[in-house]
Amino acid sequence: MIGFLFHGLRGRRVLVLTAIGLTFVGVAGSVLAAFPLKWILDKIINDRDPGLPPLAPLLTALDGLAPGGPRPVSPGHSQFAVILASATVLLLLGAAEALVAFVRRSVAAFVGQDLEAALRTRVFDHLVRTPLAWHGRQRLGEVVQRLSGNISDIGKLVTDGLVDLLSGLLTLVGILVVMLAISWQFTVLSMCVVPPLFVIVACYTHHTKRASKQAARAAGRVAEVAASMIGAIAEVKVFTLERWAGRVFAERAEAQRRPALRAGRRQAEFSPLVILLLTVSNTVIVVVGAWVAAGHDFTLWLVTIPAGSLTVGTLTVFLAYSKLLYQPMRDLSKLMLQVSAAAAAVERVQEVLDQPREDQLPGGPARVLPGRARGEVAFAGVVFGYQPGEPVLRGVDLEVPVGTRLALVGLSGGGKSTMVKLLARLHEPWQGSITVDGVDTREHPLEFLRGNIGMVLQDSVLFEGSVRENLLLGRPGATEEEVVAAARQACLHDMIMELPGGYAAPVHEHGGNFSCGQRQRIAIARAILRDAPILVLDEPTASLDVEAEVEVMRAIERLTEGRTVIMISHRLAMLGHVDEIAVLDGGRIVERGTYRQLKARAGVFARLLAEQNRYATEPVELDLGDHASAHREGRVRTT
Ligand SMILES: Nc1ncnc2c1ncn2[C@@H]1O[C@H](COP(=O)(O)OP(=O)(O)OP(=O)(O)O)[C@@H](O)[C@H]1O
C-alpha cells in the first residue's frame with residue numbers, strides 16, 4: 001500500500017512534506033501548551049521563576065508594568081510579570097497551533113481530494129479500455145464500488161492520515177519526552193496505563209472493524225435491492241409487487257441493522273472504558289503527586305520518589321499530559337480502521353489496474369491504414385466460445401464483399417451476435433481469422449477498426465445529456481447542418497422539433513423519456529453521422545411495433561445505401577431486400593443464397609421460415625420490391 005500511495009502522490013510530494021513539517025510545528029505547540037500553567041502555579045506557590053533565558057527580557061519589561069513598580073530584589077520577577085508572560089506564551093502557542101492546524105488540514109484535504117480525483121479518472125479510463133471478457137465476469141455493483149467507495153477510502157486515509165496518524169504519533173512521543181525530562185519516576189507511574197489501554201484499543205479495533213465490514217457489505221446489498229426495485233418500478237406496479245418488494249427490502253434492511261448495531265455498541269463501550277482507565281491513572285497521579293509535593297517520600301517496589309521532587313506546577317503538567325494522551329490514542333485507533341479499509345481498497349483498485357488494456361493485448365503490429373476502410377469483411381475457420389471447451393462458433397467461413405447487404409440468420413443462441421462482436425474485436429477468436437480489407441483485425445489499430453464499423457443494436461443506449469449531444473456521439477465535431485441532415489434521413493427531425501427545446505431537449509438516464517422506436521432512430525442517425533463503410537444491424541426492429549418498425553426500416557434503408565451491411569434478423573419474411581442470406585447452424589455457415597434460392601432449396605432456411613409461418617393466421621407472402629410499402633399496406637406481418 002505504501003508503494004501504491006507513494007506512486008499515487010507523485011507531483012504532490014512537496015505538499016505532503018509541507019503538511020508533515022506543519023504537523024511537527026502543531027504538535028510542538030500542543031505539547032508545550034501545558035508549561036505556562038506550570039510557571040504560574042510554581043510562581044504563586046513556590047515563588048519560582050520560569051527559568052527560561054529567552055523569557056527574561058519579556059519578564060523584565062513586564063515587571064515595570066506591575067502594580068507597585070519593579071521589584072527591588074533581582075533576579076526574582078513579579079507574579080504579575082510571570083502571569084502575563086505565561087498568558088502571552090499560551091496565546092502565541094494557541095494561535096500558532098490554530099494557524100498550523102488550518103494550513104495543515106487544508107493541504108491534507110487538497111492532496112486527498114486531488115489524489116482521489118486523479119485516481120478515479122485513471123481507473124475509469126482503464127476500465128473502459130479493459131476487454132469485454134473481463135467485464136463479463138464482474139458484477140456491475142462491484143465495479144462501481146471499486147471506482148467510488150474504494151477510492152474514497154484511499155483518499156480519506158491520505159486526508160486524515162496525514163493529519164491524525166502523524167500528529168497522533170508525534171504527540172505521544174512529544175509528551176513522553178517532556179514527561180521524562182520533568183520526572184522519570186512520575187513518567188513510569190503515568191505510563192502504567194499504556195499497556196492496558198493498548199489492549200483495549202486493539203481488542204475494540206478488531207471487533208469494531210469486523211462488525212463495520214459486515215455492516216458495509218449489508219449496506220451494499222440494501223443499495224442493490226433498492227436500485228433494482230426502483231429501476232423496475234413500472235414492473236413492480238404492473239404486477240402489484242409493492243408488498244413483496246417492501247418485504248424483500250425490509251429483510252435486507254434488517255440484515256444491515258444487526259451488524260451496524262453491533263458496531264455502534266462496541267464503539268459505545270470503548271470510550272467509557274478508556275475514560276475509566278484514565279480516571280484511575282489520574283487519581284493515582286494526583287494522590288502520589290500531592291503526597292510528594294507535600295514533603296513525603298513515596299516508594300513503590302524499587303522506585304522511590306523523594307519528598308519535594310515534585311512541585312504543584314509539575315503535578316498539574318502531568319495531569320494535563322495524561323489527559324492529552326487520550327486523544328492521540330483515540331485518533332490512532334480510529335486510524336487503524338481507516339488503514340485496514342484503505343489497504344483492502346488499494347488491493348481492489350490495483351486488481352483493476354493490473355488488467356491488461358485492449359490496446360495492450362498481444363497481436364500483430366499495428367499497421368497504419370488509410371482513415372477509411374473499403375469495407376470487405378471475411379471470416380475464415382473462426383472458432384470461438386465463452387467457456388473453455390464449449391465452442392459457440394465451430395469453424396465459420398464467410399466473405400462479405402464491399403457494398404454487399406448480407407443477412408445473418410439462424411436459431412436463437414446460435415452465435416450470430418457473437419460473430420459481430422468478434423468482428424469488432426470485442427473478443428478474440430480461438431482459431432481462424434477475421435479480416436477487414438484483407439488484413440487481420442488483430443493487425444488493425446483498434447480505433448481504426450471500430451471507427452470503420454457502425455452498429456445499430458436491438459435496444460440502443462442513449463446517454464444522459466441533450467438529444468444533440470447523443471447524436472454527436474456518432475461523430476464528435478459534426479456541424480449543426482450535418483446533425484440535422486442525419487436526423488432528417490433517420491426520420492427523426494420532425495419528432496425532435498416537437499420536443500420542448502428541440503435538439504437541446506434533455507435525454508434522461510438510459511433514454512427513459514424516449515420510446516423504443518425513437519431510440520432506434522436516434523441510433524440510426526448516429527450511425528449516419530459516423531458514416532462507417534461497414535454496418536452491423538443486430539435486430540434493430542426486434543422490439544418495435546409495426547408502425548415504429550416501418551419508420552425505422554425506412555431510416556435503415558437510407559443508412560445501408562453504399563455500405564457493407566451485416567444484418568442479423570429473426571424476421572425471415574422481411575429479408576427479400578438483402579443481397580444475400582447466410583444461415584448459421586451448429587456453429588457453421590451451412591447455407592448461402594438469396595431469399596428465393598434458399599426458400600426453394602428446402603434446407604435449414606426453408607425449415608425456419610415454415611416454422612415462423614406456422615403461427616401466422618395466413619401465410620406471409622413477401623413483396624420482394626419495396627419493403628417499406630409492403631408494411632404500409634399491411635401485407636407484411638411480424639411473427
Ligand atoms: N458474455 C457471454 N458469456 C457467456 N456466454 C455467452 C455470452 N454471450 C453469449 N453467450 C452464449 O453464447 C451463445 C451464442 O450467443 P449469441 O448471443 O451470439 O447468439 P445469437 O445467435 O445472437 O442469439 P439471439 O438470436 O437469441 O440473439 C449462447 O448460448 C449464449 O448463451
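Residues numbered from 1 in each chain as written. Predicted model: local features only at pLDDT ≥ 70, side-chain atom pairs only at ≥ 80, totals over all residues. Heavy atoms only, no water.

Taken directly from UniProt, the Subcellular location (unreviewed entry) text for the protein chain runs: "Cell membrane". (UniProt positions renumbered as here; feature names shortened; annotations may be inferred.)

Participant: Provide a residue-level description of the sheet that holds strand S7 (residues 439-440), including the pertinent values.
Facilitator: The antiparallel open sheet is built from 4 strands, whose spatial order is S4-S3-S6-S7. Edge positions in the sheet fall to strand S4 (393-400) and S7, since each of these pairs with one other strand and no more. Where strand S6 (residues 431-436) and S7 come together, 2 bridges link them in antiparallel fashion. Residue Val436 lies in a different strand from S7, and its bridge partner there is Val439. Contacting strand S3 (377-384), S4 and S6, helix H13 (residues 416-423) crosses the sheet at an angle of about 115° to S3. (Pairing = 2+ DSSP bridges. Helix = DSSP H or I, 4+ residues; strand = E, 2+ residues; numbered from the N terminus. Contact = heavy atoms within 4.5 Å. Axes fitted to C-alpha atoms, helices over the stretch in contact; angles between N-to-C directions.)

Participant: I'd like a description of the packing of helix H4 (residues 56-63) against helix H5 (residues 79-128), backed by residues and values.
Facilitator: Running from N to C, H4 and H5 point in directions that differ by 125°, and their axes come no closer than 8 Å. The pairing of H4 with H5 is recorded here as oblique in orientation. Taken as a pair, H4 and H5 cross one another with a handedness that is right-handed. Judged by residue contacts, Leu58, Leu59, Leu62 and Asp63 of H4 engage Phe80, Ala81, Val82, Leu84 and Ala85 from H5. Partitioning the contact of H4 with H5 into residue classes produces 8 nonpolar, no polar and 1 charged. (Parallel < 35°, antiparallel > 145°, perpendicular 65-115°, else oblique. Left-handed = near helix turned anticlockwise from the far one by under 90°. Nonpolar A, V, L, I, M, F, W, Y, C, P; charged D, E, K, R; others polar.)

Participant: Can you tell me about the side chain of His444, naming the residues and giving the values?
Facilitator: By the element assignment, His444 lies in the loop between S7 and helix H14 (446-451). At 3.1 Å, the side chain of His444 and the backbone oxygen of Val436 are in polar contact. (Polar contact = N/O pair within 3.5 Å; in protein donor to acceptor, adjacent residues only side chain to side chain.)

Participant: Tell me about the nonpolar core, and please be specific about residues and values.
Facilitator: Of all hydrophobic cores here, the largest spans 34 residues; its most connected members are Leu471, Leu492, Ile496, Ile524, Leu537 and Leu559. Elements that contribute at least two residues to this core include exactly helix H15 (467-472), helix H16 (480-489), helix H17 (493-498), helix H18 (516-530), strand S11 (534-538), helix H19 (546-560) and strand S12 (564-568). Per-element tally for this core: the top contributor is H18, with 7 residues. The residues contacting Leu537, other than those within four sequence positions of it, are Val456, Ile556, Leu559, Thr560, Val565, Ile566, Met567 and Ile568. With 30 residues, the next largest nonpolar core counts Ile175, Met179, Val288 and Leu325 among its residues. (Core = buried A, V, L, I, M, F, W, Y, C linked by side-chain atoms within 4.5 Å. Buried < 20%, exposed > 50% of the residue type's maximum accessible area, 1.4 Å probe, protein only.)

Participant: Describe the environment of Met229, listing the residues and the values that go with them.
Facilitator: By the element assignment, Met229 lies in helix H9 (residues 194-231). Classification of Met229 by relative accessible area gives buried; the value is 13%. Each C-alpha atom, one on Met229 and one on Phe249, is 8.9 Å from the other, the two residues being 20 residues apart in sequence. Here Met229 is in contact with Val236, Trp244, Ala245 and Val248, once residues within four sequence places are set aside.

Participant: Could you give an account of the pairing of S6, with specific residues and numbers?
Facilitator: Examined bridge by bridge, S3 and S6 share 5 bridges and lie antiparallel to one another. Counted as the bridge partner of Val377 is Val436 from S6.

Participant: Can you lay out the pattern of salt bridges for me, pointing to particular residues and giving the numbers?
Facilitator: Counting across every chain of the model gives 15 salt bridges. Glu351 is paired through a salt bridge with Arg146; the nearest N and O atoms lie 2.9 Å apart. Of this pair, Glu351 sits in helix H12 (residues 312-354) while Arg146 sits in helix H7 (residues 140-182); the two residues are 205 residues apart in sequence, bridging distant segments of the chain. A relative accessible area of 42% means that Glu351 is categorised as partly exposed. Glu428 is the partner of Arg425 in a salt bridge, and the nearest nitrogen-oxygen pair spans 2.8 Å. Under the relative-accessibility criterion, Glu428 is labelled partly exposed at 25%. What you see here is one network of salt bridges that share partners, running through Glu254, Arg257 and Arg258. (Salt bridge = Lys/Arg side-chain N within 4 Å of Asp/Glu carboxyl O.)

Participant: Tell me what's going on with helix H11 (residues 242-293), and back it up with residues and numbers.
Facilitator: Look at H11: 74 Å from first C-alpha to last across 52 residues, which is about the 76 Å you get at 1.5 Å a residue. Following H11 by one or two positions, Gly295 has its phi on the positive side, about 100°. (Expected span 1.5 Å × (residues − 1).)

Participant: With reference to specific residues and values, describe the side chain of Asp160.
Facilitator: Note that Asp160 resides in helix H7. Here Asp160 sits buried without a salt bridge, and the closest side chain of opposite charge, Arg105, lies 5.0 Å off (N-O distance). If we skip the residues at most four places from it in the chain, Asp160 touches Leu165, Leu335 and Gln338. (Lys, Arg positive; Asp, Glu negative; His and termini not counted.)

Participant: Describe the packing of aromatic side chains, listing the residues and the values that go with them.
Facilitator: Per the stated rule, a full pass over the model turns up 3 aromatic pairs. Consider the rings of Phe384 and Tyr386, whose centres lie 5.2 Å apart with planes at 80°: the pair is edge-to-face. With a relative accessible area of 5%, Phe384 lands in the buried category. Classification of Tyr386 as partly exposed rests on a relative accessible area of 39%. Ring geometry for Phe384 versus Trp430: centroids 6.1 Å apart, planes at 55°, classification tilted. Of this pair, Phe384 sits in strand S3 while Trp430 sits in the loop between H13 and S6, and the two are 46 residues apart along the sequence. Here Trp430 falls in the partly exposed class, since its relative accessible area comes to 39%. Here the aromatic residues Phe384, Tyr386 and Trp430 are joined through ring pairs into a cluster of three or more. (Phe/Tyr/Trp six-rings, centres within 6.5 Å; stacked < 30°, edge-to-face > 60°.)

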